[in-house]
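One-letter residues, chain by chain:
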Amino acid sequence: MATTEFDEIRPYNDEELPQIFEELIADPAFQKAATDAIPNVPFELLAQKIRACKSKLDFQETFCYGILWKIAADHTDGLTLDHTALPDKSKAYTYVSNHRDIILDSGFLSILLIDQGMDTVEIAIGDNLLVYPWIKKLVRVNKSFIVQRALTMRQMLESSARMSRYMHYTINEKKQSIWIAQREGRAKDSNDRTQDSVLKMLAMGGEGDLIDRLMEMNIAPLAISYEYDPCDFLKAQEFQLKRDIEGYKKTTQDDLISMQTGLFGYKGKVHFQTAPCINDKLEQLDRSLPKQELFSGISACIDRRIHGNYRIYSGNYVAYDWLNNTSEFADHYTSEEKQRFVTYIEQQLGKIKIPNKDEDFLRGKLLLMYANPLVNYLAACQ
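Owing to the predicted nature of the structure, the values given are computational and were not obtained by experimental measurement. For every chain, the first residue of its written sequence is number 1, and the numbers climb from 1 along that sequence. For this predicted model, a pLDDT threshold of at least 70 governs which residues receive local features, and a threshold of 80 or more governs which side-chain atom pairs are given and counted, while totals over whole chains, interfaces and linings are taken from all residues. Side-chain numbers here rest on the full set of heavy atoms in the structure, without hydrogens or water.

J.: Got a sec to walk through the pattern of salt bridges? Specific residues and values, please.
T.: If charged atoms from side chains of opposite charge come close, those side chains can pair. Salt bridges are counted wherever a side-chain nitrogen of Lys or Arg sits within 4 Å of a carboxyl oxygen of Asp or Glu. Using the criterion set out here, one finds 28 salt bridges in the structure. Note that Asp-14 and Lys-56 form a salt bridge whose closest N and O atoms lie 3.1 Å from each other. Taken together, the residues span a long stretch of sequence, with Asp-14 in the segment before helix H1 (17-26) and Lys-56 in helix H4 (residues 56-75) at a distance of 42 residues. Accessibility here uses a 1.4 Å probe with only protein chains present; expressed as a share of the type maximum, an area under 20% marks a residue as buried, one over 50% as exposed, and anything in between as partly exposed. Assessed through its relative accessible area of 30%, Asp-14 is described here as partly exposed. We count a stretch as a helix when DSSP gives it H or I for four or more residues in a row; a strand needs E for two or more, and each element gets its number in order from the N terminus.

Listed below in structure tokens is the structure:
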């Protein structure tokens, strides 16, 4: 198959990079973003380093790796990955994960993989986030492929089928791992559930029946646990705005604020935990079941593996007890840990500036975001 059908959505090939680098270097908006990200280096020097990169991985190791570890150093209390459930490091996996941060979920995963001697991942990214031409170029240099969003029903089907063929090609021919979120957008209340539509898309490409096609993708559930979500107050605010304003929709500006808050807000500890590849479970399924039943069963399997691999922090226990007016988990946190979390929630509440601010409603939404991972974890471990 000629790979030209993927030209519109795939990451750049390495031989295309010199041309793209020149376009980026000449773009004033990219110049500003680059000097903001790497403040103490003159742009001419950055341009020289960019031109010296021969591959996408080169570019990631030269720039993204250092920037992302700096974000981890400045805005987290530690960033860790446990990859032991997937011992074969040479295999290409489709990491299907819960989704907390627009940029950092895949970014942190890639730098953690580099440190374990593995390759970075290709990243599925929605075109709604590519608000400027330079961002679209930059993400494709950074191994992203584009998920097209605002399409008609028919275009959406064609686009999904092409993306699925591209992902199968990436895993099987390029032997390159992929990261994809388990759903479109982030779960606003941290009640993470895999959308069947993601699996349906994955099963459009490849050979054989539905199960064969999914097995070809080596799906590995990945649990991402942020101790604190810097965007929690923005999500709570959105809940109230949606409640109060009919047809409320976020703007491009809101997306940019979310990206910035997610990058530079305090996250506490951040842990990535891989679960075993689900091929063992897929093999046991009854292939004669109706498709819808198969999809919901597979989604539930991914969810259990993600939920069961969450790292639960003291704040999750505090949130559950506070929300439910109980002391059921009091032995899981000290009075200092409780006070720290209470102070944190009140500070986040203070950041919400909207008319008719409903504090009780907003606090409830914030607590729910921290209680839900615990609820799901306990259900998965039973």
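J.: Explain the state of the cysteines to me, and be specific about the residues and the numbers.
T.: Throughout this description, disulfide means a covalent bond between two cysteine sulfur atoms. In plain terms, two cysteine sulfur atoms within 2.5 Å form what is called a disulfide here. Evaluation of the coordinates by the stated rule reveals zero disulfides. Considering cysteine sulfurs only, Cys-53 is the nearest to Cys-64, which forms no disulfide, with 9.0 Å between them. Under the relative-accessibility criterion, Cys-64 is labelled buried at 16%.

J.: Describe the packing of aromatic side chains, naming the residues involved and giving the relevant values.
T.: Working definition: rings of Phe, Tyr and Trp (its six-membered ring) pair if their centres are within 6.5 Å, and the pair is stacked with planes under 30 degrees apart, edge-to-face with planes over 60 apart, and tilted otherwise. For the structure shown, the criterion picks out 18 aromatic pairs. Taking 6.5 Å as the distance between ring centres and 25° as the angle between the ring planes, the aromatic pair formed by Tyr-228 and Phe-341 counts as stacked. Placement of the pair is Tyr-228 in the loop between strand E6 (219-226) and helix H10 (232-244) and Phe-341 in helix H15 (residues 335-350), with a sequence separation of 113 residues. Assigned by exposure class, Tyr-228 and Phe-341 land together as buried. Here a set of aromatic residues connected by ring pairs shows up, and it is made of Tyr-228, Tyr-266, Phe-341, Tyr-344 and Tyr-370. In our convention, an over-ring charge means Lys NZ or Arg CZ found within 6 Å of a ring centre and within 35 degrees of that ring's normal. Arg-243 extends its terminal NZ or CZ atom over the ring of Phe-361, reaching a point 4.4 Å from the ring centre. Over the aromatic face of Phe-239 sits the side chain of Lys-365, whose NZ or CZ is 4.5 Å from the ring centroid.

J.: Describe the UniProt feature "domain: Phospholipid/glycerol acyltransferase" (unreviewed entry) in the protein, listing the residues and the values that go with them.
T.: UniProt positions are given in the numbering used here, feature names are shortened, and annotations may be inferred rather than shown by experiment. According to UniProt, the positions carrying the feature "domain: Phospholipid/glycerol acyltransferase" (unreviewed entry) are residues 91-181. In residues 91-181, helix accounts for 45% and strand for 19%; the two terminal C-alpha atoms are 20 Å from one another.

J.: Please provide a residue-by-residue account of the pairing of strand E5 (residues 178-181), values included.
T.: A two-sided burial pattern is seen for E5, the buried positions comprising Ile-178 and Ile-180 on one face and Trp-179 and Ala-181 on the other. Bridging between strand E2 (residues 94-97) and E5 involves four bridges; their strand directions are parallel. What sits directly across from Val-96, in E5, is Ile-180. Across two bridges, the pairing between strand E3 (residues 122-126) and E5 is parallel. Paired strands, in this sense, are two strands between which DSSP finds at least two bridges.

J.: Now, about the packing of helix H2 (residues 28-37) against helix H3 (residues 43-51): what can you tell me, with residues and values included?
T.: Axes here refer to lines fitted to C-alpha atoms; in helices the fit is confined to the stretch in contact. Angles between the N-to-C directions go from 0 to 180 degrees. Viewed as axis vectors pointing N to C, H2 and H3 meet at an angle of 100°, and their least axial separation amounts to 10 Å. Put simply, H2 runs roughly perpendicular to H3. For the pair H2 and H3, the contacting residues are Phe-30, Gln-31, Ala-34 and Thr-35 in the first and Phe-43, Leu-46 and Ile-50 in the second. Residues are grouped as follows: Ala, Val, Leu, Ile, Met, Phe, Trp, Tyr, Cys and Pro are nonpolar; Asp, Glu, Lys and Arg are charged; every other residue, Gly included, is polar. A per-class count over the contact of H2 with H3 returns five nonpolar, two polar and no charged. Orientation categories follow fixed angle ranges, with anything under 35 degrees roughly parallel, anything over 145 roughly antiparallel, 65 to 115 roughly perpendicular, and all other angles oblique. Residues are treated as being in contact if the distance between any of their heavy atoms lies within 4.5 Å.

J.: Describe the environment of Asn-279, and please don't skip the residues or the numbers.
T.: Summarising the element assignment, Asn-279 is placed in helix H12 (residues 279-284). Classification of Asn-279 as buried rests on a relative accessible area of 14%. A sequence separation of 59 residues divides Asn-279 from Ala-220, and the C-alpha atoms of the two residues are 8.8 Å apart. Sequence-distant contacts of Asn-279, defined by excluding residues within four places in its chain, comprise Leu-214, Met-215 and Asn-218. Within polar-contact distance, the side chain of Asn-279 engages the backbone oxygen of Met-215 at 3.2 Å. Polar contacts here mean pairs of N or O atoms no more than 3.5 Å apart (in protein, one a potential hydrogen donor and the other a potential acceptor; neighbouring residues in sequence count only if both atoms are side-chain atoms).

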